[in-house]
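In case you want the letters, here they are:
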Amino acid sequence: MSNVRVHRPFLSAVVIAAAFAAIGSLSACRGSHQQDANADAARSVYVPVGKWDKYYAFLSGGQAGTVLVYGIPSGRLIRSIPVFEPRAQYGYAIPGTKTYEMLKASGPLWGDSHHPALSETNGDYDGRWLYINDKANTRVARIDLKRFETAAIATIPNFQAAHGTSVVPPDTKYVIVNGEFLAEPDKSHGVDVAAYKAGMAFLDPITLQTRFEVLVPGNCDINDASKDGRWAFSTDYDTEKGLSVEDMIRNDEDAIAAIDIPAAEEAISKGEFTSMGGTKVIDPTRTTKKVLYMIPVPKNPHGCDVSPDGKYVAASGKLSPTVTLIDISKIDKVKNLRDAIAAQPEVGMGPLHTTWDGRGNAYTSLFIDSQIVKWNVARAVAGDPNYVIDRMDVHYNPGHTYAALGRTRHPSGDYLLALNKLSKDMFIPVGPSMPESQELIDISGDKMRMLLDFPAEPEPHDAAFIRVSDLAPKVAQVEQPGPDAIAEGKSRIEQVGPHEYHVYMTVIRSKFGLDAFTVHQGDKVTITLSNIETVKDMTHGFALEDYGINLAIDPGQTREVTFIADKPGTHWYYCTWFCSALHLEMRGRMLVETAGQQEAHR
Amino acid sequence: MNAPSQASCAGTVKLLLIAAAALLLACNFLPVWSTAMESPQYHGEDTIVVKVYPGRVEGNLREVETLNQYIGVKLPLDAPELKGMTYAMAAFLVLVIGAVFLPPAIQKHALVGIFALMTISGAAGLGLLQYRLYELGHVRTRAIIGGVANFTPPVVGSMHLANFHVYTRLMSGGWAFAAVVLLTGIAVYLTHHDAPPMPSVPGRHHAASCQ
């Protein structure tokens, strides 16, 4: 017994020590595995100095009214494209410029951009245009991807809140923009609730003129189109036509609105429309051929995404934990539209958007669960209970999620971006307003793999990727001078009216074409500047002291500003884009003479 | 046996001269010499390349001029020898074509003259180029940046200038002209080794001559 007494504590100590050692070893092992995983992730997203990313990622800038351009997989912010908000940095929409006139003519000098949509040819991105909506002011813009500049902005008549934005494949026949909020369709400032309407607008892809609109009962949220171009889809909530949260969620079901585009075109050709707000508006209850199909789905759906094979359109449930898969081929064939529903897999809490990898898998963002769930479409349709393949935590509350090229017929199935609405503790604190968090996930294997997070200023809603190899060769970096370009040695000032001057200046390192010019107080002055540089990245600025003017003139470009010279005295103009060792010396003077000074000169 | 050999030799000389004439014609459209300027900001497709053709200089001259505000070198873009090259090529073309039709007795002497003229012109051209390169780096009019001493780029070779590596080389037009001189030289050789008939020794003949 005495031996037992002696050995029991000893044995206990040995067992405890062994347990600690094992735990320590396991912990060290886990730490080592985590380090390996981190190193693998870092290697996957590392783009060596001087090398390019694989994708351009266009992220909507949200409340900034911009489009942000990131490189993927590095997550490097390459630039932002101002669209619905002036940006002096790029000389965009500064009063007195053409871009200002374009933006001002379309509405307020602010916008809320949500959904970037790339133009397509033969069902794939063609690298010509990027469309972006402005929810706040019911506008849409076309960005020229040759120059990464806003080329056109148009207001969509009759509706309020341009939300879902997509193009009609395969050749971008229309840009479809949803009018989300219920309002009087002719924008007559009316408050007659009974007259409130919403719907979908079909725009010319170049002019952005609204070719026609289709009224839809409810609030048109997110949209997409079938790969063959026949159908335009929109998730449609608030079919109750409620005006409060409680009323908007009263019913158990809302719908996916499916618009038969050829039938709508036929209705237009037959004159079955009402002219309103300068466009043709189809009331689908008054057409001889059925234009609108309302397919019931659980209430208040959100994401609306067509699978790359063109078979299904998916309505992500938002308030329902399901994604409703609708068999597109059955829409106009079934008597009861519920029979067009191919499957309604339960995927998790708060499904908002679904994207695709081209290998038969779907990825749905779960806002409430803060996850991306990967599930197999065929298994879900076949009723196989094992359709969920993987789940990955994201940080936090993802809105849109986008798999590379997931909206084309040929998703590349390598990267997925989760656009998270909250970043909470993910980045160093910068006051109470935190950046949004984007997370890049490797989806090339069975299991998803977290690669990278990167912040963005508020607030990207959605993304669209295009391969660098498909777009970069089309991007102009040095433009051929246009007919309005000022030739070298032709800088001058011309009096074009009794109180009006036109100044023509070339800009090149490290000199403005004129060292000084003189005008008179109150004169209308137009300054045209041509950048005659011939090498890339040699942008020059033109800032005019105390006049609130800054232009950015890229190589080969000509830019113009008009203003009233109402402030007398010497006003230096200088180059704002650091260009050369003589950058600080690159300036000149605008001399604004008062009436008294003019007299003195006489 | 001599008549066919002489005819064959004359034919060879004619072919050489026609080939030389064709190359001279091509010389007017080919770059004779070029310089490439590389730096961290100017590499790959952004390398600044300037090519000298007979009568003209091509390349990103605006960028050269722009950068030259720092160095202040004298760019010989309007040097008279540029036009001179065009005239020289035209003159050589006329002379070579003319030589094709000359009687052999005159042709052999004319070719010596043409060959000598071409050789001297070529050497003078290279010398003039080297002089212009010297002048470029030494007659500096408005140098505004320090740290760049006077310099002389080589006709063929490389050097470091400010933040640039400068590479110079003869281009296809230069090599074509060298080939013209060579072809003319061979023609001279052939016409001058067209020796009078020797006593016939079976199995022996001058392999390099036109017998």
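A brief report on the enclosed structure follows. Please read these numbers as outputs of a predicted model, since none were measured by experiment. (Residues numbered from 1 in each chain as written. Chains lettered and ligands numbered in written order. Predicted model: local features only at pLDDT ≥ 70, side-chain atom pairs only at ≥ 80, totals over all residues. Heavy atoms only, no water.)

## Brief notes about the overall build of chain B
Then, in step 1: Counting its secondary structure elements, chain B contains 5 helices and 5 strands.
Then, in step 2: What you see in chain B, going N to C, is helices and strands ordered as α-β-β-β-α-α-α-β-β-α.
Then, in step 3: Total accessible area computed for chain B in this model is approximately 11400 Å², and 69% of it derives from carbon and sulfur atoms. (Helix = DSSP H or I, 4+ residues; strand = E, 2+ residues; numbered from the N terminus. Areas by Shrake-Rupley, 256 points an atom, 1.4 Å probe, with all protein chains shown as cover.)

## A word on the nonpolar core
Residues and elements named next belong to chain A.
Then, in step 1: The biggest cluster of nonpolar side chains holds 52 residues, and the ones touching the most others in it are M505, F517, I527, F542 and F563.
Then, in step 2: Look past the residues within four positions of F517 in its chain and what remains in contact with it is I493, V503, M505, V525, I527, Y573, R589, M590 and L591.
Then, in step 3: Grouped together as the second largest cluster of nonpolar side chains are 45 residues, L59, L68, A93 and A404 included. (Core = buried A, V, L, I, M, F, W, Y, C linked by side-chain atoms within 4.5 Å. Buried < 20%, exposed > 50% of the residue type's maximum accessible area, 1.4 Å probe, protein only. Contact = heavy atoms within 4.5 Å.)

## Concerning the interface of chain A and chain B
Then, in step 1: Contacts between the two partners involve 12 residues from chain A, matched on the other side by 11 residues from chain B.
Then, in step 2: The junction of chain A with chain B conceals about 930 Å² of combined surface from both sides, 44% of it contributed by carbon and sulfur atoms.
Then, in step 3: One can count 4 salt bridges joining chain A with chain B.
Then, in step 4: Taking the shortest distance from any N to any O, the salt bridge between R62 of chain B and E488 of chain A comes out at 2.6 Å.
Then, in step 5: One can count 9 residue pairs in polar contact (both at pLDDT 80 or more) joining chain A with chain B.
Then, in step 6: Each residue belonging to the side of chain A that touches chain B can be placed in one class, and the counts come to 5 nonpolar, 3 polar and 4 charged. (Buried area = accessible area lost by both parts, 1.4 Å probe. Salt bridge = Lys/Arg side-chain N within 4 Å of Asp/Glu carboxyl O. Polar contact = N/O pair within 3.5 Å; in protein donor to acceptor, adjacent residues only side chain to side chain. Nonpolar A, V, L, I, M, F, W, Y, C, P; charged D, E, K, R; others polar.)

## So, helix α4 (residues 104-138) of chain B
Residue pairs three or four apart in sequence face the same way in an α-helix, which turns once every 3.6 residues.
Then, in step 1: Under the 1.5 Å per step criterion, the end-to-end length of α4 of chain B is 50 Å for 35 residues, consistent within 8% with the ideal 51 Å.
Then, in step 2: Listed as buried for α4 of chain B are Q107, L111, I114, M118, L129, R132, L133, E135, L136 and G137 of chain B. (Expected span 1.5 Å × (residues − 1).)

## Digging into unusual backbone geometry
Residues and elements named next belong to chain A.
Then, in step 1: Residue E459 follows P458 across a cis peptide bond; omega there is 0°.
Then, in step 2: Topologically, E459 is positioned in the loop between β29 (449-456) and β30 (463-467).
Then, in step 3: Backbone torsion omega between R509 and S510 reads -5°, so that peptide bond is classified as cis.
Then, in step 4: If you trace the backbone, S510 turns up in the loop between β32 (500-508) and β33 (511-512).
Then, in step 5: Notably, K318 is not glycine yet its phi reads approximately 60°, a positive angle.
Then, in step 6: Residue position: K318 is located in the loop between β19 (312-316) and β20 (323-327).
Then, in step 7: Overall, K318 belongs to the partly exposed group, its relative accessible area being 24%.
Then, in step 8: We note that D546 has phi near 65°; this positive angle belongs to a residue other than glycine.

## Digging into the environment of W356 of chain A
Residues and elements named next belong to chain A.
Then, in step 1: Of note, W356 is situated in strand β22 (residues 351-356).
Then, in step 2: When the C-alpha atoms of W356 and T235 are compared, they prove to be 18 Å apart, with 121 residues separating the residues in sequence.
Then, in step 3: Not counting residues up to four positions away in its chain, the partners in contact with W356 are D305, V306, S307, P308, A314, L325, N361, A362, V377, A403, G406 and P411.

## Notes on the packing of aromatic side chains
Residue and element names in this part refer to chain A.
Then, in step 1: On inspection of all chains with the given rule, the structure shows 20 aromatic pairs over all chains.
Then, in step 2: Arranged with centres 5.3 Å apart and planes meeting at 90°, the rings of F512 and Y573 form a pair that is edge-to-face. In this pair, F512 sits in strand β33 while Y573 sits in strand β39 (residues 569-574), placing the two residues 61 residues apart along the sequence.
Then, in step 3: Taking the relative accessible area as the measure of exposure, F512 reaches 2% and is therefore buried.
Then, in step 4: The exposure class of Y573 is buried, given its relative accessible area of 0%.
Then, in step 5: Within the aromatic cluster, the residues linked to one another by ring pairs are Y55, Y402, Y415 and F465.
Then, in step 6: Here the basic side chain of R142 rests over the ring of W129, its NZ or CZ set 4.2 Å away from the ring centre.
Then, in step 7: One Lys or Arg, K318, reaches over the ring of Y237 and ends 5.2 Å from the middle of that ring. (Phe/Tyr/Trp six-rings, centres within 6.5 Å; stacked < 30°, edge-to-face > 60°. Lys NZ or Arg CZ within 6 Å of the ring centre and 35° of its normal.)

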